[in-house]
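Residue-level structure breakdown
Here is how the chains run, residue by residue.
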Amino acid sequence: MEDDAVGGQISSPSIVNAEDIAAVRELILTLHPAIVPELIVGDSIAALIASVIPAQEAYNRIVANVRVPAGGNPVTVVDVDAMPTYEKIRRGLKTHPSRVP
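Residues numbered from 1 in each chain as written. Predicted model: local features only at pLDDT ≥ 70, side-chain atom pairs only at ≥ 80, totals over all residues. Heavy atoms only, no water.

1. Some thoughts on the overall build of the protein
Regarding its fold elements, the protein presents four helices and zero strands. Across the protein, helices and strands are ordered from the amino to the carboxyl terminus as α-α-α-α. By residue count, 13% of the 101 residues in the protein fall in the buried class. Long-range pairs, those at least 24 residues apart, make up 16% of the contacts in the protein with a sequence separation of at least 6. Accessible area for the protein stands at about 8600 Å²; split by element, carbon and sulfur atoms hold 60% of it. (Helix = DSSP H or I, 4+ residues; strand = E, 2+ residues; numbered from the N terminus. Buried < 20%, exposed > 50% of the residue type's maximum accessible area, 1.4 Å probe, protein only. Contact = heavy atoms within 4.5 Å. Areas by Shrake-Rupley, 256 points an atom, 1.4 Å probe, with all protein chains shown as cover.)

2. Notes on the pattern of salt bridges
Scanning all chains against the criterion turns up three salt bridges. For Glu 87, the salt bridge identified is with Arg 90, shortest N-O distance 2.7 Å. Remark: Arg 90 and Glu 87 occur in helix H4 (residues 85-95); sequence separation between them is three residues, near one turn of the helix. Residue classification places Glu 87 among the buried residues on the basis of a relative accessible area of 15%. (Salt bridge = Lys/Arg side-chain N within 4 Å of Asp/Glu carboxyl O.)

3. As for the nonpolar core
Formed by Ile 21, Val 24, Ile 28, Ile 35, Ile 40, Leu 48, Val 52 and Ala 55, the largest nonpolar core amounts to eight residues. Among the secondary structure elements, those contributing two or more residues to this core are helix H1 (18-31) and helix H3 (52-65). Ranked by residues supplied to this core, first place goes to H1 with three residues. Setting aside residues no more than four positions away along its own chain, Ile 35 makes contact with Ile 28, Leu 29, Ile 40, Val 52, Ala 55, Gln 56 and Tyr 59. (Core = buried A, V, L, I, M, F, W, Y, C linked by side-chain atoms within 4.5 Å.)

4. Observations concerning a nonpolar patch on the surface
Taken together, Val 16, Ile 45 and Ile 49 make up a surface patch of nonpolar side chains, about 230 Å² in accessible area. Of note, Ile 45 is situated in helix H2 (residues 45-50). Accessibility expressed as a relative area gives 30% for Ile 45, which makes it partly exposed. (Patch = residues over 30% accessible without salt bridge, like charges linked within 9 Å, V, L, I, M, F, W, Y side chains within 5 Å.)

5. Quick notes on H3
When the terminal C-alpha atoms of H3 are compared, their 20 Å separation across 14 residues agrees well with the 20 Å that a helix rising 1.5 Å per residue should span. Restricting attention to buried positions, one finds in H3 the residues Val 52, Ala 55 and Ala 58. Taken down its axis, H3 places every buried residue within 130 degrees of arc, on the same side. What points out from H3, more than 90 degrees from its buried face, is the exposed set Ile 53, Arg 61, Ala 64 and Asn 65. The inward-facing, buried residues of H3 abut H1 and H2. (Expected span 1.5 Å × (residues − 1). Arc of directions from axis to C-beta.)

6. Section: the confidence of the model for the protein
Note that predicted coordinates carrying low pLDDT should not be read in detail. Residues with a pLDDT of 70 or more make up 73% of the protein, whose mean pLDDT is 81. Low pLDDT, under 50, characterises residues 1-6; the predicted model gives this stretch 10 contacts beyond four residues in sequence or across chains. (pLDDT = per-residue confidence, 0-100.)

7. Things to note about the side chain of Glu 87
Only 2.7 Å separates the side chain of Glu 87 from the side chain of Arg 90, close enough to count as a polar contact. In this structure the side chain of Glu 87 is engaged in a polar contact, spanning 2.8 Å, whose partner is the side chain of Arg 91. (Polar contact = N/O pair within 3.5 Å; in protein donor to acceptor, adjacent residues only side chain to side chain.)

Listed below in structure tokens is the structure:
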């Protein structure tokens, strides 16, 4: 047991309430942004801390499975009002080839 800061007396461990658990959870989420937040669970501080590594591993598995094309196509904004009619038709037919008679 630890010494009490006031008189050097031995004190019993303090009881952790729900607000303390929530505060520790928020602290963990702030300090570890690369985790799955829904996996940080527990009814004690020890349980919250123990859930960090599985949450990190889950996050890493998700990131490893996400495929982002290298040099993806840049988004271009097209002013439809300035586009000639034939270009609108061409793009429409290209987008919906099944509608061509």
